[in-house]
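Structural description and commentary
Next come the chains, spelled out residue by residue.
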Amino acid sequence: MKKTSLITRAVSLFATGFIFVSVTVLLGSCNGLGNSSGEVDSTKGLKDYYEDYFLIGVAVSPRSLEGEQAELIKKHFNSLTAENVMKPGPIHPEKDNYNWADADKIVEFAQANGMKVRGHTLCWHSQTAQWMYQDSLGNLLPKEEALANLKDHITDVVTRYKGKIYGWDVLNEIVVDDPDPAKVYRETSPWYKVAGKEFIPLVFQWAHEADPDAVLFYNDYNTENPVKRDKIYNMLKELLDAGVPVHAVGLQGHWKLNDPTEENLRASIDKFASLGLDVQVTELDINVNLGREDPDSTFTPEREQKQIDQYKMVFNVFREKKDVITGITFWNVSDRGSWLDRRGKKAYPLLFDENLQPKKAYWEVIKF
Ligand code: XIL
């Protein structure tokens, strides 16, 4: 074929593509205004747009796996996290009593629908099982006894889901927000009270022994704050230098309209990745409320726009850093119910609205 006709073909292909993309985007934004019938490719979900990038997950309750929410979940997500039912308190309320049913339901749903599961979480100061570290009078157990309980817990849970849960948030939120760089650990955590920082490498080792193939995460919030970022980095470096099996960092991603900044987000991902660790955003939501003092609970056009801008910004960064980012998980399914909602004050933090329809922010997130 002659060079000129090649160019003509290329130009016409480009023009066709351009028109197709424009129509797609136009229809997409109409849809974002609330009319879901106009969706361009109604079979495509968030996970499909991000197929070549990273997993797209969502935190669920067993109840959300039924009815219309289940359909939304199947369409848009390829990874599940249990919002609550795998935490130590809910899953292991007494020494000889495990509640497997709820956790099993999530794992079974994932398997039936070809989704992955991230385990959340094996060791945390909150929603934990008190019997593991204190006696019936509330006194701390001797260190050896408490650690043996924790080891049994981690071993049992990880073993049960071996091969079905690909990665675990082994340790959650052990680093404090204190602006003093010298104050690193959450000393009020029962596990810190029991064993100081000695339990930290152990929990990773126990999880690794139970499932050597599982990706083991340290998971925390406010990871974009430069002071906290450094504390977490130093802790992880110390663990890695000592040969502790930590493989990834979870940035929870409970964000706001003005937080994090692009600069801080990039800096955190880069800094953790420089340790050779994978990075995931494990609990993404962008709260439109500005904080405790904010009396307004409405989703005003101004807040909507700021949320769109923030979602666009963070997903641009995620895509750019796809070599180190292995998953993005949203914390809850839609604005119908978020853990951030307070009485009379909703957070509107997700990509789907109260009617489970994609919000404008959704169309921006898939536009690339
Ligand atoms: C939250 C759940 O969403 C709520 O339903 C529960 O009442 C409290 O915990 N960081 C975490 C998650 O690691 O486990 C928390 O989930 C949100 C903050």
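Use the structure listed above.
From a predicted model like this one, the values you see are computed outputs, not experimental measurements.

**A word on the overall build of the chain**
- Summing up its helical and strand segments, the chain has 12 helices and nine strands in all.
- Expressed as a percentage of the 368 residues in the chain, the buried residues total 51%.
- Considering only residue pairs separated by 6 or more positions, the chain has 75% of its internal contacts joining residues 24 or more positions apart.
- With an accessible surface of roughly 17,000 Å², the chain has 52% of that area assigned to carbon and sulfur atoms.

**Description of the pattern of salt bridges**
- Taken as a whole and assessed by the stated rule, the structure comprises 23 salt bridges.
- With a closest N to O distance of 2.7 Å, Asp169 and Arg118 form a salt bridge. You can see Asp169 sitting in strand S4 (residues 167-172) and its partner Arg118 sitting in strand S3 (residues 116-123), a full 51 residues away along the chain.
- By relative accessible area, Arg118 is classed as buried at 1%.
- In this structure, the salt-bridge partner of Lys367 is Glu364, at a minimum N-O distance of 3.3 Å.
- Exposure remark for Lys367: the relative accessible area of 40% places this residue in the partly exposed category.
- Within this structure, Glu262, Arg266, Asp270, Glu320 and Lys321 form a network of salt bridges that share partners.

**Let's talk about the site of the ligand**
- Neighbouring the ligand are 13 residues, the closest being Glu83, Lys87, His120, Glu283 and Trp331.
- In the environment of the ligand, an oxygen atom lies 3.0 Å from a nitrogen or oxygen atom belonging to the side chain of Asn84.
- Asn172 places a side-chain nitrogen or oxygen 2.9 Å from an oxygen atom of the ligand.
- Summarising the interface, the protein chains cover 78% of the accessible area of the ligand, which totals 420 Å² for the free molecule.
- When its residues are assigned to classes, the shell around the ligand shows three nonpolar, six polar and four charged.

**As for the layout of surface pockets**
- Of the volumes computed, that of the largest pocket is approximately 620 Å³.
- Surrounding the largest pocket, 23 residues form its lining, Lys256, Asn287, Gly291, Leu340 and Arg342 being those nearest its centre.
- Only strand S7 (254-256) and strand S8 (278-287) provide two or more residues apiece to the lining of the largest pocket.

**Things to note about the environment of Tyr348**
- Within the secondary structure layout, Tyr348 lies in the loop between strand S9 (325-330) and helix H12 (360-365).
- Classification of Tyr348 by relative accessible area gives buried; the value is 13%.
- Between the C-alpha atoms of Tyr348 and Ile286, which are 62 residues apart in sequence, the distance is 7.8 Å.
- Setting aside anything within four residues of it in sequence, one finds Tyr348 in contact with Ile286, Val288, Ser297, Thr298, Phe299, Gln307, Asp335, Asp341, Glu354 and Lys359.

Definitions and limits used
- Residues numbered from 1 in each chain as written.
- Predicted model: local features only at pLDDT ≥ 70, side-chain atom pairs only at ≥ 80, totals over all residues.
- Heavy atoms only, no water.
- Helix = DSSP H or I, 4+ residues; strand = E, 2+ residues; numbered from the N terminus.
- Buried < 20%, exposed > 50% of the residue type's maximum accessible area, 1.4 Å probe, protein only.
- Contact = heavy atoms within 4.5 Å.
- Areas by Shrake-Rupley, 256 points an atom, 1.4 Å probe, with all protein chains shown as cover.
- Salt bridge = Lys/Arg side-chain N within 4 Å of Asp/Glu carboxyl O.
- Near = heavy atom within 4 Å.
- Polar contact = N/O pair within 3.5 Å; in protein donor to acceptor, adjacent residues only side chain to side chain.
- Nonpolar A, V, L, I, M, F, W, Y, C, P; charged D, E, K, R; others polar.
- 1 Å grid on protein atoms, 1.4 Å probe; cavity = no way out; pocket = protein on both sides within 12 Å on 5 of 7 lines; lining within 4 Å.
- Points joined across faces, edges and corners; volume = space filled by probe spheres on them.

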